Amino acid sequence: MNAWWSSVADAWGHTLWQLSWQIVVLSAFIWLVSLLCRRLPANFQYWLWCIVLLRLCVPIQYSIPTGITDDVRQTAELCLLSVLDPPPAEPVPSRLEDARALKDEATLTTVKAATAWTAIVTLLAAAVSIRIFWIRRALRESPLISRPDLLRLVEKLRSRCGIRRAVRLRRSSSAFRVRGPAVTGFFRPTIVLPSQMVEHWSPLDLEPVILHEMGHIKRGDLWMNLLQIAVQTVYFFHPLVWYVNWRIRQVREEVCDDLAVLHLGGERKRYGTSLLRVIEECDPNRKWAFVQTNMAEPKTSLGRRVVRVMNKDYHVHRSLSLRAVLGLALIGLCAIGVAGGSSRDVGAAASPAVSALADKAEALFVAKDYSEAIEVYKTISKDYPKTNEAANAAMMIGICLDWKGDKEKSLAALEEAAESYPDKKGWSEAIWFYLADARRRAGRNEDAVKAYGKCVELCKGVREPDRFPYADALGWIELTPAEVLFETGRYDEATKAYTAIAEEYPDWNYAEHALMMVGLCHERTGDRDKAIEAYRAAVSKYPDLKGWTEATLYYLGHAYECTGKTDEALDAYHRCVKLCEKAPGRKPEGFPWNDAQQRINALEGGER
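## A few points about a nonpolar patch on the surface
Right, on to step 1. On the surface, a nonpolar cluster with roughly 280 Å² of combined accessible area is contributed by W31, L32 and L35.
Right, on to step 2. Assignment of secondary structure puts W31 in helix α1 (residues 3–36).

The following block contains the structure:
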């Protein structure tokens, strides 16, 4: 698989997907505004719908606080996934090869979709090119109209409409399949009239028709129509793009109706009569109106336009006022703002591929296959950098390195994770906690307290105060100063600090740790009786607090052993080993499991 094409396909596919959802929100917003502004002139309505078209011409993703597209997209995707992609019934495989295979499969699917999209766009672009070529050839085959009265009429109306370029007049040939009047020619505008109009209609009858086509030339509608074709070719798969283009073409005809009525001096009845005659005589049968605009629309559409022009509430065309232009600009800014991605960190909905990769990485982590888990987490971070799973993966890389015993690399990985995801609500709190923990164990207590403080700040409004990591970070903010006192040999002050913490926060995990540390402080000062008393109080109050009681039992056994109480020491060591066997984070080769087992072997073997 070509790596370059794979990366291009992934980037362009992601952009198209994001823009597709923005168009859903943007089109809905403009539709609502158009209903509220339905009494405003057609010229206003036309530019209102062009806001959607212009947004499609700038394939740039953006995120702002007011954007709701991400919320809409996530809701729809999650609902769709729950229906089309239910959780697998079988357990997730735990091998790295399976994770890589899944990623390759997802990438292959993306490349296939991008290739299919490219093929279809190429075919549509070829069809448009053929259509342009056919129009040019049909135009060459259409003879120029030589009726002097019609040529004089065209010159007079061109001057009246303020068109500086020459406008040619041709009779449609048999190859020109548009039965009604039309205008074509990007650089040399040409009005094409059916033969029956040229032969049987008087200049007075043709004046409304030609004025309508002059309106298209004056406004440059052929160029806008070409832009619509290009956008619709790129977004051929999006039904709302087709709808928006249909609305723009519909309103554009109404704008040219208004211009024609304006240049007729407000003679609505005369213009309506011309429309009715077109309905009766031209038998419109349009193909794709790709490179020309014409008056001969389907009969129902022409009939609706007649009713509109003859309505008593009809207003003659007027140019957009400064207030209307400012209003359109304000509506455009609001529409694009609402349709933008949300910069509120609500978290991106995970695709099935990244979710499956995350599941596999977790399975590898649980199986203690940390090296392979790290590789999968690195893949998630690299290939899906903006997802919640990437934030979790960056953190888990640091945790895996820690459990492998590489403390320095673990700290570096967590530093990088915190820098990459400094305030991703729901995820960064845990990253900052583990970073603080790594800094504390590295002896960087001041930096650790800052990181715990950042964790607490992020937890507010997101985490419950009694849950991880909120409660844990608060606990270590209190404990760290006492730890510093202990590490610097100020054991009396440390004892007071630890005792205060245990009394003030009796329901926290750290209360047991504080009581254990009181015992260690007494041991360092040589008072083993008080140390045993403190250890026993900690174990009595917290008999099986995973992650803490095992260590307290080891220190209790050590204190008993040092005072010659072998039976009590063995009992404490055995209880320590039993708790370590149940604790998910303990390893037989680590502290205190290994240390307790060694002392049991030594004591039962007769050593002292």
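## Looking at the packing of aromatic side chains
Right, on to step 1. Here the structure, examined in full by the defined rule, presents 21 aromatic pairs.
Right, on to step 2. Geometrically, the ring pair formed by F365 and W403 is tilted, given 5.4 Å between the ring centres and 40 degrees between the ring planes. Of the two residues, F365 sits in helix α13 (residues 352–366) while W403 sits in helix α15 (residues 388–404), which places them 38 residues apart along the sequence.
Right, on to step 3. On the accessibility criterion, F365 (16% relative accessible area) is buried.
Right, on to step 4. Since its relative accessible area comes to 29%, W403 is described here as partly exposed.
Right, on to step 5. Ring geometry for Y370 and W403: centres 6.0 Å apart, planes at 80 degrees, overall edge-to-face.

## What to know about the nonpolar core
Right, on to step 1. With 91 residues, the main nonpolar core has F365, Y377, I380, F486 and Y498 as its most contacted residues.
Right, on to step 2. Once residues within four sequence positions are removed from consideration, Y377 is found in contact with A361, E362, F365, N392, A393, M396, I397 and C400.
Right, on to step 3. Formed by 32 residues, the second largest nonpolar core is a distinct cluster that contains L169, L211, A260 and Y314.

## Quick notes on the side chain of N225
Right, on to step 1. One can find N225 in helix α8 (residues 221–234).
Right, on to step 2. According to the relative accessible area criterion, N225 is buried, its value standing at 1%.
Right, on to step 3. A polar atom in the side chain of N225 sits 3.0 Å from the side chain of R249.

## Here we look at the pattern of salt bridges
Right, on to step 1. Scanning the model with the defined rule gives 23 salt bridges in all.
Right, on to step 2. A single salt-bridge network, built from bridges that share partners, covers D402, K407, D437, R440 and R441.

## Regarding the packing of helix α2 (residues 42–56) against helix α9 (residues 239–263)
Working note: a packed helix pair is described by the angle between its axes plus the distance between those axes.
Right, on to step 1. Interaxial distance between α2 and α9 falls to 9 Å at its minimum, and their mutual angle equals 150 degrees. Classed by the angle they form, the pair α2 and α9 counts as roughly antiparallel. Crossing hand, α2 versus α9: left-handed. Residues A42, N43, Q45, Y46, W49, C50, V52, L53 and L56 of α2 touch α9, and the partners they reach there are V241, Y243, V244, N245, R247, I248, V251, R252, E254, V255 and D258.

## Focus on helix α23 (residues 549–562)
Right, on to step 1. Spanning 14 residues, α23 covers 20 Å between terminal C-alpha atoms, matching the ideal 20 Å at 1.5 Å per step.
Right, on to step 2. Among the residues making up α23, those that are buried are T549, E550, A551, T552, L553, Y554, L556, G557, A559, Y560 and E561.

## Some thoughts on the environment of E253
Right, on to step 1. Residue position: E253 is located in helix α9.
Right, on to step 2. Within polar-contact distance, the side chain of E253 engages the side chain of H216 at 3.3 Å.

## Some thoughts on the confidence of the model for the chain
Right, on to step 1. With 82% of its residues at a pLDDT of 70 or more, the chain has an overall mean of 81.
Right, on to step 2. Contacts from residues 284–291, a stretch scored under 50 in pLDDT, to residues over four places away or in other chains number 26 contacts.
Right, on to step 3. Here residues 344–350 is a poorly scored stretch, pLDDT under 50, and it has 22 contacts once near neighbours within four places are set aside; other chains count.

## Concerning the state of the cysteines
Right, on to step 1. Across all of its chains, the model carries zero disulfides by this definition.
Right, on to step 2. We note that C580 lacks a disulfide partner, and the nearest cysteine sulfur, in C576, lies 4.1 Å from it.

## Focus: the environment of V198
Right, on to step 1. Here V198 shows up in helix α6 (residues 195–200).
Right, on to step 2. Assessed through its relative accessible area of 3%, V198 is described here as buried.
Right, on to step 3. Along the primary structure V198 and R147 are separated by 51 residues, whereas in three dimensions their C-alpha atoms are 8.4 Å apart.
Right, on to step 4. Not counting chain neighbours up to four residues away, the residues in contact with V198 comprise I145, R147, L150, R171 and L193.

## Points about the packing of helix α22 (residues 528–541) against α23
Right, on to step 1. Closest axis-to-axis distance for the α22/α23 pair is 9 Å, and the angle between their directions is 150 degrees. For the element pair α22 / α23, the angle class is roughly antiparallel. You can see that α22 and α23 cross each other, and the crossing is left-handed. Facing R528, I532, Y535, R536, A538 and V539 of α22, the residues of α23 in contact are T552, L553, Y555, L556, A559, Y560 and C562.

## Some words on the environment of W47
Right, on to step 1. In this fold, W47 is placed in helix α2.
Right, on to step 2. Sequence spacing of W47 and L328 is 281 residues, and the spatial spacing of their C-alpha atoms is 7.6 Å.
Right, on to step 3. Not counting the four nearest positions on each side in its chain, W47 is found in contact with M224, L320 and L328.

Cut-offs and rules
- Residues numbered from 1 in each chain as written.
- Predicted model: local features only at pLDDT ≥ 70, side-chain atom pairs only at ≥ 80, totals over all residues.
- Heavy atoms only, no water.
- Patch = residues over 30% accessible without salt bridge, like charges linked within 9 Å, V, L, I, M, F, W, Y side chains within 5 Å.
- Areas by Shrake-Rupley, 256 points an atom, 1.4 Å probe, with all protein chains shown as cover.
- Salt bridge = Lys/Arg side-chain N within 4 Å of Asp/Glu carboxyl O.
- Helix = DSSP H or I, 4+ residues; strand = E, 2+ residues; numbered from the N terminus.
- Phe/Tyr/Trp six-rings, centres within 6.5 Å; stacked < 30°, edge-to-face > 60°.
- Buried < 20%, exposed > 50% of the residue type's maximum accessible area, 1.4 Å probe, protein only.
- Core = buried A, V, L, I, M, F, W, Y, C linked by side-chain atoms within 4.5 Å.
- Contact = heavy atoms within 4.5 Å.
- Polar contact = N/O pair within 3.5 Å; in protein donor to acceptor, adjacent residues only side chain to side chain.
- Axes fitted to C-alpha atoms, helices over the stretch in contact; angles between N-to-C directions.
- Parallel < 35°, antiparallel > 145°, perpendicular 65-115°, else oblique.
- Left-handed = near helix turned anticlockwise from the far one by under 90°.
- Expected span 1.5 Å × (residues − 1).
- pLDDT = per-residue confidence, 0-100.
- Disulfide = S-S within 2.5 Å.

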